Amino acid sequence: VPENRPLPKVFRLTKKGKLEAGIFKGATINTPSMLAVEDYIDALQWADSIGGVQSLIQLSMDNLKVVEDFVDTHDWIDFLAKDPTTRSSTSVCLTLDLSADQIKEFVKVLESEGVAFDIGGYRDAPPSIRIWCGSTVEKADVEALMPWLEWAYHQVKN
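Residues numbered from 1 in each chain as written. Predicted model: local features only at pLDDT ≥ 70, side-chain atom pairs only at ≥ 80, totals over all residues. Heavy atoms only, no water.

(A) Representation of helix α4 (residues 139-157). Along its 19 residues, α4 runs 27 Å from first to last C-alpha, staying within 8% of the 27 Å computed at 1.5 Å per residue. Listed in full, the buried residues belonging to α4 are V142, L145, M146, L149, A152, Y153 and V156. Elements that come into contact with the buried residues of α4 comprise α2 (53-72), β3 (77-79), α3 (100-112) and β5 (129-132). (Helix = DSSP H or I, 4+ residues; strand = E, 2+ residues; numbered from the N terminus. Expected span 1.5 Å × (residues − 1). Buried < 20%, exposed > 50% of the residue type's maximum accessible area, 1.4 Å probe, protein only. Contact = heavy atoms within 4.5 Å.)

Spelled out as C-alpha cells, the structure:
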C-alpha cells in the first residue's frame, strides 16, 4: 500500500498511531453515515408500524398478485421463472413476445413517457423486463403500470 494514500474514514482505525476505539463504540464517522443510519431507523420504524416482517411480505405478495393476474390474461407476456415456487415477489422478471431489440425499445418507450425507469432486465439475463414489487411499492402503482405495459407492447409490436 503506498504511503500517504487517502483512505475513507470508515477504514481508518487509527489516529495519531493509536487504535481509534470510538469507532467500536458507535462514534460518528461522518455526516453521511449518520444520515444512512437515520434512514435505516426510519425504515425499521415504518416496517414495525405496519405489522413487521409478515406485513412487508404480504405487501410484496399483493403486488406480485397484480402482475400474476395481468400475465394470466395476456398471451404476450410471461414470467422468466416458469416455476411459480422460484419466482421472486420483489424483483419480478418477465419475458415478452418481442425480440431483444424490441424489448429495449419497449423499455425506452416506458421511460420516455415517465412511466417506468430501470425496468430493463438484468444485463446477464435473457431479454426481459423486471418490475420492483417490494413492500415499498404501493399496490395501486403496480396496478397503474399494467395498462402501460400493454400500451407499450402494442406501440413496439406494431
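(B) Structural detail: the nonpolar core. V67, L94, F106, I129, I131, M146 and L149 are the most contacted members of the largest nonpolar core, which has 30 residues in total. Breaking this core down by element, the ones donating at least two residues are α2, β3, β4 (91-96), α3, β5 and α4. Among the elements that take part in this core, α4 stands out by supplying seven residues, more than any other. (Core = buried A, V, L, I, M, F, W, Y, C linked by side-chain atoms within 4.5 Å.)

(C) The arrangement of the packing of α2 against α4 in detail. At a minimum axis separation of 9 Å, α2 and α4 run at an interaxial angle of 20°. By the criterion of interaxial angle, the relationship of α2 to α4 is roughly parallel. α2 and α4 meet at a crossing whose hand is right-handed. Two secondary-structure elements touch here, α2 through D62, N63, V66, V67 and F70 and α4 through K139, V142, E143, M146, L149 and E150. Per-class residue counts for the contact of α2 with α4 are six nonpolar, one polar and four charged. (Axes fitted to C-alpha atoms, helices over the stretch in contact; angles between N-to-C directions. Parallel < 35°, antiparallel > 145°, perpendicular 65-115°, else oblique. Left-handed = near helix turned anticlockwise from the far one by under 90°. Nonpolar A, V, L, I, M, F, W, Y, C, P; charged D, E, K, R; others polar.)

(D) Structural context of the sheet that holds β3. Taken in spatial order, the three strands line up as β3-β4-β5 in an open sheet, and their pairing is antiparallel. At either end of the open sheet lies a strand with only one pairing partner, and these are β3 and β5. Averaged over all adjacent pairs, the angle separating strand axes in this sheet is 35°, with direction ignored. Pairing of β3 with β4, which is carried by three bridges, proceeds in the antiparallel orientation. Residue pairing in the sheet places F79 in a bridge with L94 of β4. (Pairing = 2+ DSSP bridges.)

(E) Spotlight on unusual backbone geometry. A positive phi angle, near 55°, is found at D118, a position not held by glycine. Mapped onto the elements of the fold, D118 is located in the loop between α3 and β5.

(F) Layout of the environment of D69. You can see D69 is positioned in helix α2. The spatial distance from the C-alpha of D69 to the C-alpha of M146 is 9.9 Å, given a sequence separation of 77 residues.

(G) Examining the pattern of salt bridges more closely. Throughout the structure, instances matching the rule amount to four salt bridges. Of the charged contacts, one joins D78 and K82 as a salt bridge, the two residues approaching to 3.1 Å between their closest N and O atoms. With its nearest N and O atoms 3.2 Å apart, the salt bridge here joins R130 to D118. Of the two residues, R130 is situated in strand β5 and D118 in the loop between α3 and β5; the sequence distance between them amounts to 12 residues. R130 gets classed as buried once you look at its relative accessible area, which sits at 18%. (Salt bridge = Lys/Arg side-chain N within 4 Å of Asp/Glu carboxyl O.)

(H) Highlighting the packing of aromatic side chains. Evaluated as defined, the whole model comprises three aromatic pairs. Considering the side-chain rings of F70 and W76, the 5.9 Å spacing of their centres and the 80° angle between planes classify their relative orientation as edge-to-face. Here F70 and W76 have matching classes, each one buried. Ring geometry for W148 against W151: centres 5.4 Å apart, planes inclined by 80°, an arrangement best described as edge-to-face. With W148 and W151 both in helix α4 and three residues apart, the pair spans about one turn of that helix. A relative accessible area of 31% means that W151 is categorised as partly exposed. Three or more aromatic residues joined by ring pairs make a cluster, and in this case those are F70, W76 and Y153. Positioned above the aromatic ring of Y122, the side-chain terminus of R130 is 4.2 Å from the ring centre. (Phe/Tyr/Trp six-rings, centres within 6.5 Å; stacked < 30°, edge-to-face > 60°. Lys NZ or Arg CZ within 6 Å of the ring centre and 35° of its normal.)

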